Amino acid sequence: MKKQQNNELELKHTSVLTYNLDAYERGFRFIVNQGGSRSSKTYSICQLLVYLAINKKLTISIVRKSLPSLKNSVLKDLLEILKENKIYNENNHNKTENIYSFGNGSVIEFFSVDDEQKIRGRKRDILYCNEANELDFPEFNQLMLRTSGAVFLDYNPSDTEHWIYDVVLADEKSILVKSTYKDNPFLSKDQIEYIENLINVDVQFYRVYALGERPVSQTRIYTHFKKYVDEPASTNVVFGCDFGFNHPSVFIKVIEAGGKYYVQEQVYESKLTTADLIIKLNSLIPDQYRDKPIYCDYARPESIEELKRAGFNAIPADKAVKAGIDYVKSKEVFIHLDSVNLWKEVNLYSWKSKGNIITDEPIKLNDDGLDALRYALYSSKKSSGSGVWDYELVFA
Ligand SMILES: Nc1ncnc2c1ncn2[C@@H]1O[C@H](COP(=O)(O)OP(=O)(O)OP(=O)(O)O)[C@@H](O)[C@H]1O
Ligand SMILES: [Mg+2]
């Protein structure tokens, strides 16, 4: 990292930061960071933005699709960098508005594209779209039009087709900075092993998340989910449950309203015993829903029995994988904006591939929440016979 005379900042950094700084100084409009998992894209761009904010007077916006995921990732990284470098001053941090102000008039603001006002709001000098492939092109376009200087993007190239490839990378003012975990010397041995082992999980997955390359054919399983915020007024409710221990135990709520399904994660936590889960369910499930079915993974009959003895309507789920996925795909499904773990799974959940052939078998990785979702939707269809849920109750 270069040093400036007045505002020195000695940052331990990776080559990804050097490439981004170089691209910025050369005046590229779009600096496109495509890479595998943990290649230091986000961390490096945050370091660079802090460095620029200190050395120039800039308005910088950091944007992601949803606010919870933004808070859990890039905002955390930026605050860590400020704190590690002893720059952080709580008085300069507006936690309600998610804006950090520097003494020299620079500001870094964080917002999600769901915030209509912000997306169409004031102009900025620099834009950083974190996990940019989550954004729709019109959303990106609105942001880009209000940005006078550089636009940074980062993403894992999990899509075969995308506006980033067709529009942004096709622009002569763009530069591609590619990176993989090998560019990040700060990873632990376990983290490296996890990424390298992806080759044994799935070749396409390895391509995207280890090598940072686009998949050769479409492997993403669910591409139709939409987000929602306000719960519909319907008492047509079922639950789905996937038991874990080292893996997370997941408990989700599904509301049906007008033939649409609204899914929300309520428990997503590792190291829970069934007794722990029961304590949580007692506070999560109100009395009116106490008799609603909880479709559970039948691989754990003892846990189902414990739930039943605790007064819940726990039922073994129909776990048919392909038919269940097809059923979920055929429905209009909304996932709550705050269900960040489910959204994360949606972005990773892919068909297994053999060479260049895509199979109809999902990769068994990061699928606990989506299994619970499938159990709830598919089993409730199967059990009522006539479509889902108690339509008689709704339409009586
Ligand atoms: N310069 C650095 N100094 C210390 N740690 C770093 C540095 N760069 C990266 N790391 C560590 O490596 C981890 C992974 O980096 P980062 O999250 O930026 O990767 P990424 O490329 O954005 O990954 P993903 O594609 O999964 O979002 C960080 O959480 C951080 O712990
Ligand atoms: Mg990242």
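Residues numbered from 1 in each chain as written. Chains lettered and ligands numbered in written order. Predicted model: local features only at pLDDT ≥ 70, side-chain atom pairs only at ≥ 80, totals over all residues.

With that settled, the discussion passes to the domain arrangement of the protein. What the domain assignment reports for the protein is domain 1 (15-209) and domain 2 (226-395). Taken over C-alpha atoms, the centre of domain 1 sits 32 Å from the centre of domain 2. If you look at the interface, domain 1 gives 11 residues, while domain 2 gives 11 residues. Breaking the side of domain 1 that touches domain 2 down by element, the ones donating at least two residues are helix H3 (67-72) and helix H10 (203-209). (Domains from an automatic or database assignment. Contact = placed C-beta atoms within 7 Å. Helix = DSSP H or I, 4+ residues; strand = E, 2+ residues; numbered from the N terminus.)

We now examine the packing of helix H2 (residues 41-55) against helix H4 (residues 74-84). Viewed as axis vectors pointing N to C, H2 and H4 meet at an angle of 50 degrees, and their least axial separation amounts to 9 Å. It follows that H2 is oblique to H4 by the angle criterion. By crossing handedness, the relation of H2 to H4 is classed as right-handed. Two secondary-structure elements touch here, H2 through Thr-42, Tyr-43, Cys-46, Gln-47 and Val-50 and H4 through Val-74, Asp-77, Leu-78, Ile-81 and Leu-82. (Axes fitted to C-alpha atoms, helices over the stretch in contact; angles between N-to-C directions. Parallel < 35°, antiparallel > 145°, perpendicular 65-115°, else oblique. Left-handed = near helix turned anticlockwise from the far one by under 90°.)

Close to ligand 1 lie 15 residues, the nearest being Ser-40, Lys-41, Thr-42, Tyr-43 and Phe-186. When the residues that make up the shell around ligand 1 are grouped by side-chain class, the tally is 3 nonpolar, 9 polar and 3 charged. (Near = placed C-beta within 6 Å. Nonpolar A, V, L, I, M, F, W, Y, C, P; charged D, E, K, R; others polar.)

If you trace the 7 strands from one edge of the open sheet to the other, you get E9-E15-E12-E11-E10-E13-E14, paired in mixed fashion. In the strand order of this sheet, the two ends are held by strand E9 (226-228) and strand E14 (313-316), each with one partner. The average undirected angle you get between the axes of adjacent strands in this sheet is 30 degrees. In terms of strand pairing, strand E13 (residues 293-296) meets E14 through 4 bridges, oriented parallel. What sits directly across from Ile-294, in E14, is Ala-314. Where helix H14 (residues 340-348) meets the sheet, its contacts fall on strand E12 (260-269) and strand E15 (332-336), and the angle it forms with E12 comes to roughly 105 degrees. (Pairing = 2+ DSSP bridges.)

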